[in-house]
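A structural walkthrough
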Amino acid sequence: MKEIKREIRINSEYETRQFGEALARELKPGDILALVGDLGTGKTTLTKYIARELGIMQAITSPTFTIICEYTDGRLPLYHFDVYRLNSADEMLELGYEEYFFGDGVCIIEWADKIEELLPENTKTIYITYDEKKPGEGPGRDYAKGAAPDAQQSRVYRCDF
Ligand SMILES: Nc1ncnc2c1ncn2[C@@H]1O[C@H](COP(=O)(O)OP(=O)(O)OP(=O)(O)O)[C@@H](O)[C@H]1O
Ligand SMILES: [Mg+2]
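This section reports on the structure supplied with the text. (Residues numbered from 1 in each chain as written. Chains lettered and ligands numbered in written order. Predicted model: local features only at pLDDT ≥ 70, side-chain atom pairs only at ≥ 80, totals over all residues.)

**Overview of the pairing of strand E2 (residues 32-37)**
Inclusion rule: For the exposure call, what matters is how many other C-beta atoms sit within 10 Å of a residue's own: 20 or more marks it buried, 12 or fewer exposed, and in between partly exposed, using C-beta atoms placed from the backbone. Secondary structure elements are taken from DSSP: a helix is a run of H or I of four residues or more, a strand is a run of E of two residues or more, and numbering for both begins at the N terminus. We call two strands paired when DSSP finds no fewer than two bridges between them.
Of all the 6 residues making up E2, 6 are buried; the element is thus mostly covered by neighbouring parts of the structure. Here E2 pairs with strand E5 (residues 106-110) via 4 bridges, running parallel. Residue isoleucine 32 lies in a different strand from E5, and its bridge partner there is cysteine 107. Here E2 runs beside strand E6 (residues 124-130); their pairing, made up of 5 bridges, is parallel. Looking at E6, one finds that valine 36 is bridged to tyrosine 127.

Here is the structure:
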């Protein structure tokens, strides 16, 4: 994990949307956003709100089976990767990832920790976890009691930018 510059608590999907929209307004050609977090923490959801703010009208679907989806109808081209099912970094070479990473669009990569060695120095990483607050301290689950996170659980975004 790189040095964390900001830690943001996200209490609802609406806050994910606000975060995503603010981030999208800052994005420039060549930016790479790495999303690291467990199943269901909201990587695709965050990508969807970023895409919307970029002016992309096409529906954002999870590129789990295709590894990459390209959206070119917005302010910047968006290359959305989901490398969860990638078996090796070689597969990234085969799909020509360098064209995307060093191109004129924005790359968003779900499960980016799986291809850490390929990520350029300028990559912006968001580590997403479920919030670990105890009951009585507001939204949150007591993991000590073995409670599983649910969809409405608060999230924490730790950003290295
Ligand atoms: N604060 C939140 N931010 C994002 N999604 C949330 C939030 N609260 C609830 N959700 C819900 O959690 C789910 C997150 O699913 P999503 O597909 O975005 O996760 P993911 O991290 O991309 O999962 P996967 O690892 O399978 O790709 C959605 O159904 C969304 O509506
Ligand atoms: Mg996803």
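**Considerations on the site of ligand 1**
Quick note on the threshold: Nearness is defined per residue: the C-beta atom, placed using the backbone, must lie within 6 Å of the molecule or strand.
With respect to spatial proximity, 17 residues lie near ligand 1, and among them Thr16, Gly42, Lys43, Thr44 and Thr45 are the closest. At the level of elements, helix H1 (13-26) and helix H2 (43-53) are the ones that each hand at least two residues to the shell around ligand 1.

**As for the packing of H1 against H2**
Put simply, the rule reads: All axes here are fitted lines through C-alpha atoms, helices being fitted over the stretch that makes contact, and every angle between N-to-C directions spans 0 to 180 degrees. For classification purposes, an angle smaller than 35 degrees is called roughly parallel, one larger than 145 roughly antiparallel, one from 65 to 115 roughly perpendicular, and anything else oblique. Crossing chirality is assigned from the near helix's rotation relative to the far helix, an anticlockwise turn below a right angle marking it left-handed and a clockwise turn marking it right-handed. Any pair of residues counts as being in contact when their C-beta atoms, constructed from backbone geometry, are within 7 Å of one another. Only Asp, Glu, Lys and Arg are considered charged, only Ala, Val, Leu, Ile, Met, Phe, Trp, Tyr, Cys and Pro nonpolar, and every remaining residue, Gly among them, polar.
Between H1 and H2, whose axes approach to 8 Å, the crossing angle comes to 45°. Considering the angle they form, H1 stands oblique to H2. Crossing hand, H1 versus H2: right-handed. On the side of H1, the interface is formed by Glu13, Thr16, Arg17, Gly20, Glu21, Leu23, Ala24 and Arg25, while H2 contributes Thr45, Leu46, Tyr49, Ile50 and Glu53. Of the residues contributing to the contact of H1 with H2, the split by class is 5 nonpolar, 3 polar and 5 charged.

**A word on the sheet that holds strand E4 (residues 78-82)**
In space, the 7 strands of this open sheet follow the order E1-E7-E6-E2-E5-E4-E3, with mixed pairing throughout. Strand pairing shows two members of the sheet lacking a second neighbour, strand E1 (6-10) and strand E3 (68-71), which therefore form its edges. Ignoring which end each strand starts from, the neighbouring axes of this sheet average 20° apart. Bridging between E6 and strand E7 (residues 155-159) involves 5 bridges; their strand directions are antiparallel.

**Here we look at the environment of leucine 35**
By the element assignment, leucine 35 lies in strand E2. Each C-alpha atom, one on leucine 35 and one on aspartate 82, is 9.5 Å from the other, the two residues being 47 residues apart in sequence. The contacts of leucine 35, once residues within four sequence positions are left out, are Lys43, Leu46, Ile108, Ile109, Glu110, Ala112, Ile126 and Ile128.

**Here we look at H1**
This is how it is decided: What a helix is expected to span follows from its residue count: subtract one and scale by 1.5 Å.
Helix length check: H1 (14 residues) gives 20 Å between terminal C-alpha atoms against 20 Å at 1.5 Å per residue, within 8%. Elements in contact with the buried residues of H1: E1 and H2.

**Let's talk about H2**
All buried positions along H2 are accounted for by Lys43, Leu46, Thr47, Lys48, Tyr49, Ile50 and Ala51. On the buried face of H2, the contacting elements are H1, E2, E3, E4, E5 and E6.

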